[in-house]
Structures are given as C-alpha cells and as structure tokens.
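# Descriptive analysis of the structure
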Amino acid sequence: MPSMDPNLARHYGHYYETGASEWRRLGAIDKARNIIGRCDGMDIDSVVEIGAGDGAVLHQLSGTNFARSYSALEVSESAVKVIRDRGIDGLREVTLFDGYDAPIEDGKYDLAVLSHVVEHVEHPRMLLREAARVADYVYVEVPLELKLRAPRDFKWTSTGHINIYSSLTIRHLVQSTGLSIVEERVTNPSFDVYRFGRGKQALAHFAIKATALRIMPPIATRLFTYHWSALCKPSGDLLARP
C-alpha cells in the first residue's frame, strides 16, 4: 500500500497539539446526529472511527450510548494523545496508522465511520475498501464543495481538503468501491455552527441555506456547501479493485 505524502503527514502530525476545540465540538454534534440518523433502528455494538481527529465525534456518540465500544484510527500523533486524554466511555483502542493499511482483522466492527475524512486523502478508494474490510457497515460523510462557485484551480488551504465532491460524484466514488448505499441524506450544519463561525451574519446565512435546501434541493447544492452522509454496506462486487 502507498504511504501518505510527507507534506500531508507533517500537516496532520501536529494539527491537534492545541487539544480539543469548540469549533470541532460543535461540528461533532451535527456529525454524531447524522450518524445516529443514518443508522436508525440498527443495533450497533462496536464502532471504529477512521480519521477520528480529536475524538469529538466519538465523544458525542458515547454520550448517547450509540454503541457499546469505540475505537479510533488516526494518522496524527497529536490526535492520538488528545483522544486518549478525553476519557471517552467505552473507548477500547486508539491506534496510530499510516492512513491506508488498517492494523485490524477482517470484519471486527459493526460500523466504520469516515466522517469528513474522504476529502482529505490521496487515495480515497483504498481507504474506503479498508473501511469495508474491517466493518459490516461503513458510514461516510463529506462536505459538498463541488458547486458553481468552486474555484477553477486547486489551492492548498489549512483545511486540508484535496478532493471536492457533489452528491453525484461522492455516490459514484462510494459505489465504485463496491459499497451499496443503504440510506443517504444532504443536511445543513446547525445554527450553532454558523453562529460560531459568522457571528452577526449567522442567522441570515443559516436561514437562506436552510430554506433553499428545503424548497429546491438540486439548485441549493449547486449554490451552497452542505453535508452529504450515507450508510453503506459492502456489496461484494468490488469492480474497482485492481
């Protein structure tokens, strides 16, 4: 398997040295709500989050008793330390890995979570296949940044997003990896997220985006950034496997 680009490795290696943040905590509330929503009615015993960041999503899931045990895989040493220091109920393992080769036996978990990770990785299909190998179901969430106002040329930013998706392209990516989509949804981040990032402009921006998504979803997703989330299941038809 390929190794992570050294520049990306350096970027994420120290990314979480400042510890947990309020911004990531607010975002994690939405992300955990989406995971729970896509998995409604399922009995989840074990969860592994691949690319768990500072552990904010696992912390939120644990607080709702979503599963009985939680594990995390991370490429960042600083993230591993932050996750371990959180004291997450039910946390079993926090493992440093190379970004692609998960040191986990086949089918160990009920659910693998890739929440706002696929937009960061150089070889997304390889990571999706690893997630499908280690879990019965795979949850994927990405921001929908491939819209009319998307820049023509790539420019590196501190967010680390090297891939951008529309709801169509992320569907094709997931399906070409041999995953079938059980349930999907496009959602607007919560008002608390807007209020934190936009201050006095938050209410207007939130209301415009929420209304647009409700009354004209195809047009809204071409104009604004939303979040696409899906529960997926390995189909056994891995056509894209080399």
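Preceding block: the structure.
Below is a summary of the structure that appears in this document. (Residues numbered from 1 in each chain as written. Predicted model: local features only at pLDDT ≥ 70, side-chain atom pairs only at ≥ 80, totals over all residues. Heavy atoms only, no water.)

### As for the packing of aromatic side chains
Throughout the structure, instances matching the rule amount to four aromatic pairs. A centroid spacing of 5.7 Å and a plane angle of 65° characterise the contact between Phe191 and Phe206, whose relative ring orientation is edge-to-face. Within this pair, whereas Phe191 is found in helix H7 (residues 191-198), its partner Phe206 is found in helix H8 (residues 202-215), the two being separated by 15 residues in sequence. Overall, the relative accessible area of 27% leaves Phe191 in the partly exposed class. Its relative accessible area of 22% is what places Phe206 among the partly exposed residues. What links up through ring pairs into an aromatic cluster is the set Phe191, Tyr194 and Phe206. One residue, Lys209, lies across the ring of Tyr226, its end atom 5.0 Å from the ring centre. (Phe/Tyr/Trp six-rings, centres within 6.5 Å; stacked < 30°, edge-to-face > 60°. Helix = DSSP H or I, 4+ residues; strand = E, 2+ residues; numbered from the N terminus. Buried < 20%, exposed > 50% of the residue type's maximum accessible area, 1.4 Å probe, protein only. Lys NZ or Arg CZ within 6 Å of the ring centre and 35° of its normal.)

### With respect to the sheet that holds strand S7 (residues 227-234)
Read across the open sheet, the seven strands follow the order S3-S2-S1-S4-S5-S7-S6; overall the sheet is mixed. The strands lining the two open edges of the sheet, one partner per strand, are strand S3 (91-96) and strand S6 (179-187). Geometrically, the sheet is characterised by an average inter-axis angle of 15° between neighbouring strands, direction not taken into account. Relative to strand S4 (residues 109-115), strand S1 (residues 46-50) runs parallel, the two sharing three bridges. When the bridges of S4 are listed, Val47 appears paired with Leu111. Sheet contacts for helix H6 (residues 167-176): strand S5 (135-143), S6 and S7; angle to S6, the most-contacted strand, approximately 160°. (Pairing = 2+ DSSP bridges. Axes fitted to C-alpha atoms, helices over the stretch in contact; angles between N-to-C directions. Contact = heavy atoms within 4.5 Å.)

### Overview of the nonpolar core
Grouped together as the largest cluster of nonpolar side chains are 31 residues, with contacts concentrated most on Ile50 and Leu114. Ranked by residues supplied to this core, first place goes to helix H5 (residues 124-134) with five residues. In terms of nonpolar packing, the next biggest core, distinct from the first, is built from 23 residues, Ile35, Val57, Phe66 and Tyr70 among them. (Core = buried A, V, L, I, M, F, W, Y, C linked by side-chain atoms within 4.5 Å.)

### Notes on the pattern of salt bridges
This structure, assessed with the given rule, holds 13 salt bridges. In this structure, Glu93 engages Lys108 in a salt bridge whose closest nitrogen and oxygen atoms are separated by 3.0 Å. Of this pair, Glu93 sits in strand S3 while Lys108 sits in the loop between S3 and S4, and the two are 15 residues apart along the sequence. The network of salt bridges with common partners includes Arg24, Asp54 and Arg86. (Salt bridge = Lys/Arg side-chain N within 4 Å of Asp/Glu carboxyl O.)

### Focus on the environment of Glu105
By the element assignment, Glu105 lies in the loop between S3 and S4. The contact partners of Glu105, leaving out residues within four places of it in the chain, are Arg133 and Val134.

### Brief notes about the side chain of Asp54
With respect to the helices, strands and loops of the structure, Asp54 is situated in the loop between S1 and helix H3 (56-63). Taking the relative accessible area as the measure of exposure, Asp54 reaches 3% and is therefore buried. Within the local environment of Asp54, its side chain forms a polar contact with the backbone nitrogen of Ala56, the two atoms lying 3.1 Å apart. (Polar contact = N/O pair within 3.5 Å; in protein donor to acceptor, adjacent residues only side chain to side chain.)

### Some words on the packing of H7 against H8
The contact between H7 and H8 brings their axes to 8 Å, and the two run at 140°. As judged from the angle between their axes, H7 and H8 are oblique. Here H7 runs over H8; the crossing is right-handed. Residue-level contacts link Phe191, Tyr194, Arg195 and Arg198 of H7 to Ala202, Leu203, His205, Phe206 and Lys209 of H8. (Parallel < 35°, antiparallel > 145°, perpendicular 65-115°, else oblique. Left-handed = near helix turned anticlockwise from the far one by under 90°.)

### A few points about unusual backbone geometry
Positive phi values are uncommon outside glycine, yet Asn65 reaches one of about 55°. Here Asn65 is to be found in the loop between H3 and strand S2 (69-74). A relative accessible area of 66% places Asn65 in the exposed class. In this structure, His116 is a non-glycine residue whose phi angle is positive, near 55°. When you line up the elements, His116 lands in the loop between S4 and H5. When its relative accessible area of 13% is taken as the criterion, His116 is described as buried.

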